[in-house]
Amino acid sequence: MTEKLVFLGMGGTIAGTAASAGDNVGYKAAQVGVQALLASVPGLVPLLGGREVLSEQVCQIDSKDLEHTDWRSLWDRVSHYLAIDDVSGVVVTHGTDTLEETAYFLSCTLPVELLKRKPVVLTCAMRPASSLTPDGPGNMADAAAVALCKEAHGVLVVCAGKIHTAAHVQKVHPYRTDAFDSGEAGPVGLVEEGRVRLLGDWPTLTASGSPIGSPVLPSDAWPRVELLISHAGATGAVVRAMLETDADAAPLRGIVVAGTGNGTIHKIMESALLEAQEQGIRVVRVSRCAYGQVVGGSATDRSGAFASAGLSGVKARIGLMLEIASQS
Ligand code: SIN
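About the criteria used
- Residues numbered from 1 in each chain as written.
- Predicted model: local features only at pLDDT ≥ 70, side-chain atom pairs only at ≥ 80, totals over all residues.
- Heavy atoms only, no water.
- Helix = DSSP H or I, 4+ residues; strand = E, 2+ residues; numbered from the N terminus.
- Contact = heavy atoms within 4.5 Å.
- Areas by Shrake-Rupley, 256 points an atom, 1.4 Å probe, with all protein chains shown as cover.
- Axes fitted to C-alpha atoms, helices over the stretch in contact; angles between N-to-C directions.
- Left-handed = near helix turned anticlockwise from the far one by under 90°.
- Nonpolar A, V, L, I, M, F, W, Y, C, P; charged D, E, K, R; others polar.
- Parallel < 35°, antiparallel > 145°, perpendicular 65-115°, else oblique.
- Buried < 20%, exposed > 50% of the residue type's maximum accessible area, 1.4 Å probe, protein only.
- Lys, Arg positive; Asp, Glu negative; His and termini not counted.
- Salt bridge = Lys/Arg side-chain N within 4 Å of Asp/Glu carboxyl O.
- Pairing = 2+ DSSP bridges.
- Right-handed = clockwise from strand over helix to strand, strands pointing away.
- Phe/Tyr/Trp six-rings, centres within 6.5 Å; stacked < 30°, edge-to-face > 60°.
- Near = heavy atom within 4 Å.
- Polar contact = N/O pair within 3.5 Å; in protein donor to acceptor, adjacent residues only side chain to side chain.

**Student:** When you look at the overall build of the protein in this model, what are you seeing that I'm missing?
**Tutor:** The helix and strand inventory of the protein stands at nine helices and 14 strands. A principal-axis box enclosing the C-alpha atoms of the protein has dimensions of 60 × 45 × 40 Å. Restricting to contacts in the protein with at least 6 residues of sequence separation, those with at least 24 account for 75%. Taken as a whole, the protein presents about 14400 Å² of accessible surface, with 51% of it coming from carbon and sulfur.

Structural data, given as structure tokens:
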């Protein structure tokens with residue numbers, strides 16, 4: 001049996017095109033299919049060492065517009081391929097803007113027995129495929145090297161020669177090709193000339209493949225969890241608006257609030273959140289600081305809201321959605 005490496009396309013700038021090759025910002029994302037992208041990857045054939053490539057276009061989308069149902073479609077295809085014996089790993093080409101959300105969702109929900117043996121590597125680009133100097137082909141080659149690394153496992157993100165874990169990775173720059181960072185944890189490793197150099201530990205996988213143990217949701221069952229930020233001059237108006245019935249949205253089930261400093265919340269907004277909690281809405285606090293996490297209980301926190309374990313707001317939102325769903 002020939003071993004196989006799978007590439008799944010989700011769209012993004014890596015698949016984007018602009019009217020001129022010199023234009024790295026005025027492009028349209030998600031235009032080129034994953035099969036065509038593969039043709040531009042430098043050194044892919046020697047890297048593959050005789051393995052076969054399978055590819056499939058799952059979505060063709062600017063990742064800012066992704067829906068939960070798109071995550072579900074990707075989950076279906078990744079699970080399908082991981083379960084095939086002679087598949088060594090899966091590479092996903094994806095937009096940078098919500099890459100960390102997709103990576104975290106997959107890390108919470110893919111079966112651990114598969115992730116333990118086979119990595120899922122998300123990669124991306126900050127410059128479109130039509131650029132004179134595109135970064136996507138090199139990132140795809142690096143992602144393939146990680147996906148074929150025997151020790152690699154879990155859900156990983158590869159960009160600009162760095163390997164990040166799904167739990168820590170965050171987009172931190174709107175333009176630089178080295179747009180991702182893993183904060184205090186740092187990258188787990190580097191890719192140099194097609195070789196992986198480990199700097200830390202591959203991600204630890206918990207029993208269910210998920211820190212939460214949640215089922216993967218059917219398209220109509222995603223609980224609505226909103227994200228808001230506390231700031232000087234904050235009011236309770238946004239919280240009250242979230243609680244109102246909206247024909248276009250499911251009833252609110254949870255709120256993640258990115259608090260100031262150690263997760264503190266403006267007293268007026270906090271009062272509104274307490275009212276929301278009394279109505280059964282789950283509230284999770286994270287810190288809006290770029291580094292660190294909420295430590296201990298905050299003296300000024302009256303809400304008793306659970307402080308997320310160092311997750312960013314967007315990831316805490318996914319965690320809360322999965323947790324609510326698993327309890328429904
Ligand atoms: C996207 O996230 O799909 C567009 C932006 C990017 O990939 O850099």
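**Student:** Looking at this structure, I do not really get the packing of helix 4 (residues 99-109) against helix 9 (residues 313-327). What am I missing?
**Tutor:** Each pair of packed helices can be described by the angle between their axes along with the distance between the axes. Helix 9 packs onto helix 4 with a crossing angle of 35° between their chain directions and a minimal axis gap of 9 Å. In this structure, helix 4 crosses over helix 9, and the sense of that crossing is right-handed. On helix 9, the residues touching Glu100, Glu101, Tyr104, Phe105, Cys108 and Thr109 of helix 4 are Val314, Lys315, Ile318, Gly319 and Leu322. Among the residues making up the contact of helix 4 with helix 9, the classes are represented as six nonpolar, two polar and three charged.

**Student:** Looking at this model, I keep getting lost on the packing of helix 3 (residues 68-82) against helix 4. Mind explaining?
**Tutor:** The N-to-C vectors of helix 3 and helix 4 enclose an angle of 55°; their axes lie 11 Å apart at closest approach. Between helix 3 and helix 4, the crossing angle belongs to the class labelled oblique. Relative to helix 4, the crossing made by helix 3 is right-handed. Taken together, the residues of helix 4 that come into contact with helix 3 (itself represented by Trp71, Arg72, Leu74 and Trp75) are Glu101, Thr102, Phe105, Leu106 and Thr109. Counted by class, the contact of helix 3 with helix 4 contains five nonpolar, two polar and two charged residues.

**Student:** Mind showing me how you'd approach the side chain of Glu101 here?
**Tutor:** Tracing the chain through its elements places Glu101 in helix 4. Here Glu101 sits buried without a salt bridge, and the closest side chain of opposite charge, Arg317, lies 4.6 Å off (N-O distance). For Glu101, the contacting residues outside a window of four places in its chain are Trp71, Val314 and Ile318.

**Student:** Would you mind going over the pairing of strand 13 (residues 282-287) with me for this structure?
**Tutor:** With respect to burial, strand 13 is a largely interior element, five of its six residues being buried. As judged from the six bridges shared by strand 12 (residues 252-259) and strand 13, these two strands associate in the parallel manner. Its bridge partner being in strand 13, Gly259 is matched across the sheet by Ser287. Viewed along the sheet, the connection from strand 12 through helix 8 (residues 267-278) into strand 13 turns out right-handed.

**Student:** Would you take a moment to explain the pattern of salt bridges for this structure?
**Tutor:** Inspection of the entire model under this criterion finds 12 salt bridges. Arg72 is the salt-bridge partner of Asp76, the closest N and O atoms lying 3.1 Å from each other. Of the two residues, Asp76 and Arg72 both sit in helix 3, four residues apart, roughly one turn of that helix. Arg72 gets classed as partly exposed once you look at its relative accessible area, which sits at 24%. By sharing partners, the salt bridges in this structure join Glu3, Arg51 and Lys150 into a single network.

**Student:** Just checking my understanding: could you explain the packing of aromatic side chains for this structure?
**Tutor:** All chains considered together, the criterion is met by three aromatic pairs. Connected via pairs of aromatic rings, a cluster forms that spans Trp71, Phe105 and Trp222.

**Student:** What should I look at first to understand the site of the ligand in this one?
**Tutor:** The environment of the ligand is made up of Gly12, Thr13, Asp62, Ser63, Gly95, Thr96, Asp97 and Ala125. Taking Asp97, its main chain carries an N or O atom lying 2.9 Å from an oxygen atom of the ligand. Bound to the protein, the ligand loses 96% of the 250 Å² it would expose on its own. The residue inventory of the shell around the ligand, partitioned by class, reads one nonpolar, five polar and two charged.

**Student:** When you look at the sheet that holds strand 9 (residues 189-192) in this model, what are you seeing that I'm missing?
**Tutor:** In a beta sheet, neighbouring strands are held together by backbone hydrogen bonds and run either parallel or antiparallel to one another. Taken together, the eight strands give an open sheet; going across it, the order is 2-1-3-4-5-6-9-10, and neighbouring strands pair in mixed fashion. Of all strands in the sheet, those bounded by a partner on one side alone are strand 2 (52-61) and strand 10 (195-198). When strand polarity is set aside, the average angle formed by the axes of neighbouring strands in this sheet is 25°. Pairing of strand 9 with strand 10 involves four bridges; the strand directions are antiparallel. When the bridges of strand 10 are listed, Gly189 appears paired with Leu198. Packed on one face of the sheet, helix 4 meets strand 4 (120-123) and strand 5 (155-159) and runs near 170° to strand 4.

**Student:** Is there a simple way to explain the environment of Tyr291 in this structure?
**Tutor:** Within the secondary structure, Tyr291 is located in the loop between strand 13 and strand 14 (306-307). Relative accessible area serves as the criterion here: at 49%, Tyr291 is assigned to the partly exposed category. Sequence-wise, Tyr291 and Glu184 are 107 residues apart; in three dimensions their C-alpha atoms are separated by 6.6 Å. With residues up to four places along the chain from it excluded, the contact list for Tyr291 reads Asp181, Gly183 and Glu184.

What is shown is where atoms sit, not what they do.
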